[in-house]
Amino acid sequence: MSISEVTPQTASIVTDERRLEFLPTLFGRSLLMIGENAVYSLMERLSPLDYGGGFWDFYEHESKPLFLAPRSKSRFRITGEITGFQGEVSAEAAGIIATLFAFSHLSFQHQSEQLSEGYGRLYAYSADHPEAAEIFQAID
């Protein structure tokens, strides 16, 4: 009898050919612009010392959209006023945090199954992320 190791899930970057499908699938067609802008503006508030705009990668897992992550730096200090968390995380973890906040904030203004499903899928994915402790501290 052998002990099997659990391999952490890994998200993959959406290809350029499929980027146009990503936001409507993640947030829904009616909220795609609002959702995208919410992630960017939340990142500005979460990491005012390090985030200044730039290109973002879109991540999926098992062909389902998960989150957006900034490409401008490899690490970001999370120090903004919307969370009591103070720390440095990878760009991927920062994107997860910003996307989780966007889902949460938008769900108070818009009734959408896509928002709740997207939040649940990303939250579950985050539990196995190497920076899960930091992600959950930041969103708590």
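Above this text you will find the structure in question.
Thresholds, definitions, all that
Residues numbered from 1 in each chain as written. Predicted model: local features only at pLDDT ≥ 70, side-chain atom pairs only at ≥ 80, totals over all residues. Heavy atoms only, no water. Salt bridge = Lys/Arg side-chain N within 4 Å of Asp/Glu carboxyl O. Helix = DSSP H or I, 4+ residues; strand = E, 2+ residues; numbered from the N terminus. Buried < 20%, exposed > 50% of the residue type's maximum accessible area, 1.4 Å probe, protein only. Pairing = 2+ DSSP bridges. Expected span 1.5 Å × (residues − 1). Arc of directions from axis to C-beta. Contact = heavy atoms within 4.5 Å. Polar contact = N/O pair within 3.5 Å; in protein donor to acceptor, adjacent residues only side chain to side chain.

Draft legend 1. Structural view of the pattern of salt bridges. Going through the model one piece at a time under the given rule, you end up with 7 salt bridges. Note that Arg75 is salt-bridged to Glu88, the shortest N-O span being 2.9 Å. Of the two residues, Arg75 is situated in strand S4 (residues 75-78) and Glu88 in strand S5 (residues 87-90); the sequence distance between them amounts to 13 residues. Residue classification places Glu88 among the partly exposed positions, given a relative accessible area of 45%.

Draft legend 2. Summary view of the sheet that holds strand S2 (residues 56-61). Taken in spatial order, the 3 strands of this open sheet run S1-S2-S3, and their pairing is antiparallel. Lying at the two open borders of the sheet, with one neighbouring strand each, are strand S1 (12-13) and strand S3 (64-70). Note: S1 against S2, 2 bridges, orientation antiparallel. What sits directly across from Ile13, in S2, is Tyr59.

Draft legend 3. Geometry of helix H4 (residues 113-126). Spanning 14 residues, H4 covers 20 Å between terminal C-alpha atoms, matching the ideal 20 Å at 1.5 Å per step. Restricting attention to buried positions, one finds in H4 the residues Leu115, Gly118, Leu122, Tyr125 and Ser126. Summarising the axial view, the buried residues of H4 lie within an arc of 100°, below the 170-degree limit, and thus occupy one face. Of the surrounding elements, those touching the buried residues of H4 are helix H1 (19-27), S2, S3, helix H3 (91-107) and helix H5 (132-139). Capping the start of H4 is the job of one residue whose side-chain oxygen sits 3.2 Å from the backbone nitrogen of Gln114: Ser112.

From the geometry alone we can't say anything about function, so treat these as descriptive.
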